Amino acid sequence: MIELSNRKVGLIGNGSWATAIAKMLSKNLETFNWWVKDEYVKESIEQNHHNPNYLTDVEFNPEKLKISTNINEVVSNSDIIFLVVPSIYVESCLSKLTISLKDKFVVTSIKGIIPNHYKAVGQYLVDEFNIKDEQLGVVSGPCHAEEVALERLSYLTIAALDELKAKTVADCLACNFINTKISNDIFGTEYGAILKNIYAVAAGIAHGLGYGDNFHAVLMSNAIREMNDILKQVNKTKRQINDSAYLGDLLVTGYSNFSRNRTFGNMIGKGYSVQSVIMEMNMVAEGYYATKGVAILNEGYKIKAPIIHAVYSILYEGKNAGKTMKELSMKLD
Ligand SMILES: NC(=O)C1=CN([C@@H]2O[C@H](COP(=O)(O)OP(=O)(O)OC[C@H]3O[C@@H](n4cnc5c(N)ncnc54)[C@H](OP(=O)(O)O)[C@@H]3O)[C@@H](O)[C@H]2O)C=CC1
Ligand SMILES: O=C(CO)COP(=O)(O)O
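Residues numbered from 1 in each chain as written. Chains lettered and ligands numbered in written order. Predicted model: local features only at pLDDT ≥ 70, side-chain atom pairs only at ≥ 80, totals over all residues. Heavy atoms only, no water.

### Comments concerning helix α11 (residues 260–269)
- α11 sits mainly inside the fold: nine of its ten residues count as buried.
- Of the residues making up α11, those classed as buried are Arg 260, Asn 261, Arg 262, Phe 264, Gly 265, Asn 266, Met 267, Ile 268 and Gly 269.
- Sitting at the amino-terminal end of α11 is Ser 259, which places a side-chain oxygen 3.3 Å from the backbone nitrogen of Asn 261.
- Gly 271 occupies a position one or two residues after α11 and carries a positive phi of about 110°. (Buried < 20%, exposed > 50% of the residue type's maximum accessible area, 1.4 Å probe, protein only. Helix = DSSP H or I, 4+ residues; strand = E, 2+ residues; numbered from the N terminus. Polar contact = N/O pair within 3.5 Å; in protein donor to acceptor, adjacent residues only side chain to side chain.)

Shown next as structure tokens:
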């Protein structure tokens, strides 16, 4: 086992999930490097020991944190880097990076598609930053940042091709309220989490339209089968779709009131426009952006995915939510 004390760890991001990961890292590491976007956030965490905007109740020990708004400083001082910014900001955030990622192990915990590239973050890093699949890790699982803040028992899956690296990352995160499991399915762990956000948007739309628990259960049951079909067609490997990283993550997002994606869909179902919902929410619903990316990718693979297609029609083609959900309901079983 690699000694954690010998590891230099960096975290990039200052939203809810990055703050939750910072809380986990604080439990296990003497110190770690943390990139935050704005100087006032750095000052607030250093002086008041709280992120001023996200998970504001979480208290940090400032002696553990080396906070910087300079991404190059954080990356050059770290050999394991947790990348935790919403997918729509990954490109702009990394555009300031001049340090090579060649010798780094990059752990992504981003459940979205990079706009315009139509790639999951792992593939984007491989293609644009010349890193190898072996240098990639993915952290996923049914885990809301808000429950991490409350120290409610949660489970994470850490996927990497190299088992030792996966274990090292798991050791950075595991604590009295976080259980970890390792996996070698980097593609499925990352892509499954992207897909579940779209299904949560669908669940929210249905809820907003007035569909009840009975329909919701059928939608979730069809969603996991659709996810399985897509994962199998894009990347065939041995995976148990009922594992927490896939089914568990779908369920927590599809059923929880903490879910950004379900909330987003719910407002669409209630008749709000996409733009007004985006403006209303102070957090990012990855499922909205992922719907377009995945619909385009599905077309390339000629994959039929009725739930994703219905969400795409509502969000991007201006189709009536009620009519579209009714048509979808006739395809479910
Ligand atoms: N929240 C959760 O429970 C979980 C989230 N995830 C994933 O984590 C990722 C991050 O989501 P989450 O933490 O929830 O996000 P939030 O919605 O909580 O926060 C949004 C983040 O985006 C930042 N941001 C806004 N504009 C920019 C910009 N121009 N450049 C860089 N960053 C910007 C915000 O910074 P600021 O406010 O300072 O402008 C803030 O840090 C997502 O991919 C999500 O799917 C994964 C598992 C659980
Ligand atoms: O992925 C997440 C929890 O596992 C967070 O996304 P939601 O907020 O939409 O549930």
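### Some thoughts on the pattern of salt bridges
- Counted under the stated rule, the structure contains 18 salt bridges.
- Between Lys 102 and Asp 103 there is a salt bridge, with the nearest N and O atoms lying 3.7 Å from each other.
- On the basis of relative accessible area, Lys 102 is assigned to the exposed category, the value being 56%.
- The residue Arg 225 makes a salt bridge to Asp 333 at a minimum N-O spacing of 2.8 Å. Here the residue Arg 225 occupies a position in helix α9 (residues 213–234), and Asp 333 occupies one in the segment after α15 (321–329), the gap between them amounting to 108 residues.
- On the accessibility criterion, Asp 333 (62% relative accessible area) is exposed.
- Each member of the salt-bridge network shares a partner with another, and the members are Lys 23, Lys 27 and Glu 151. (Salt bridge = Lys/Arg side-chain N within 4 Å of Asp/Glu carboxyl O.)

### Considering the site of ligand 1
- Contacts to ligand 1 come from 19 residues, most closely from Ser 16, Trp 17, Tyr 54, Ala 145 and Glu 286.
- Residue Ala 145 places a main-chain N or O atom 2.8 Å away from an oxygen atom belonging to ligand 1.
- Considered on its own, ligand 1 offers 900 Å² of accessible surface; in the complex 85% of this is hidden by protein.
- Residues of the shell around ligand 1, tallied by class, amount to nine nonpolar, five polar and five charged. (Near = heavy atom within 4 Å. Areas by Shrake-Rupley, 256 points an atom, 1.4 Å probe, with all protein chains shown as cover. Nonpolar A, V, L, I, M, F, W, Y, C, P; charged D, E, K, R; others polar.)

### So, the site of ligand 2
- Near ligand 2 lie 13 residues; those nearest to it are Lys 111, His 144, Lys 196, Arg 260 and Asn 261.
- Note that an oxygen atom of ligand 2 is positioned 2.8 Å from one of the side-chain N or O atoms of Asp 249.
- Relative to its unbound accessible area of 300 Å², ligand 2 is 91% covered by the protein chains.
- Where the shell around ligand 2 is concerned, the elements lending two or more residues are α8 (186–209), α10 (244–255) and α11.
- For the shell around ligand 2, the element with the most residues is α10, which contributes three residues.
- Three or more residues apiece are contributed to the shell around ligand 2 by two domains, here domain 1 (4–184) and domain 2 (190–329). (Domains from an automatic or database assignment.)

### Focus: the UniProt feature "domain: Glycerol-3-phosphate dehydrogenase NAD-dependent N-terminal" (unreviewed entry) in the protein
- This chain's UniProt record puts "domain: Glycerol-3-phosphate dehydrogenase NAD-dependent N-terminal" (unreviewed entry) on residues 8–163.
- With 33% helix and 23% strand, the stretch residues 8–163 has end C-alpha atoms that lie 19 Å from each other. (UniProt positions renumbered as here; feature names shortened; annotations may be inferred.)

### Some thoughts on unusual backbone geometry
- Positive phi is not limited to glycine here, since Leu 55 has a value of about 45°.
- Along the chain, the position of Leu 55 falls in the loop between α2 (39–48) and β3 (65–68).
- With a relative accessible area of 14%, Leu 55 lands in the buried category.
- Even without a glycine there, the phi angle at Glu 151 is positive, about 60°.
- Structurally, the position occupied by Glu 151 is in the loop between α6 (145–149) and β9 (154–160).

### Observations regarding the domain arrangement of the protein
- Per the domain assignment, the segments making up the protein are domain 1 (4–184) and domain 2 (190–329).
- Distance from the C-alpha centre of domain 1 to the C-alpha centre of domain 2: 25 Å.
- Facing the 26 residues of domain 1 at the interface are 27 residues of domain 2.
- Interface area lost by domain 1 to domain 2 is led by Lys 111, Tyr 118 and His 144, which between them contribute 31%.
- Remark: the boundary between domain 1 and domain 2 carries three salt bridges.
- Counting across the domain 1 and domain 2 interface gives eight residue pairs in polar contact (both at pLDDT 80 or more).
- Broken down by secondary-structure element, the contributors of at least two residues to the side of domain 1 that touches domain 2 are α4 (87–94), α5 (121–129), β8 (136–140) and α6. (Contact = heavy atoms within 4.5 Å. Buried area = accessible area lost by both parts, 1.4 Å probe.)

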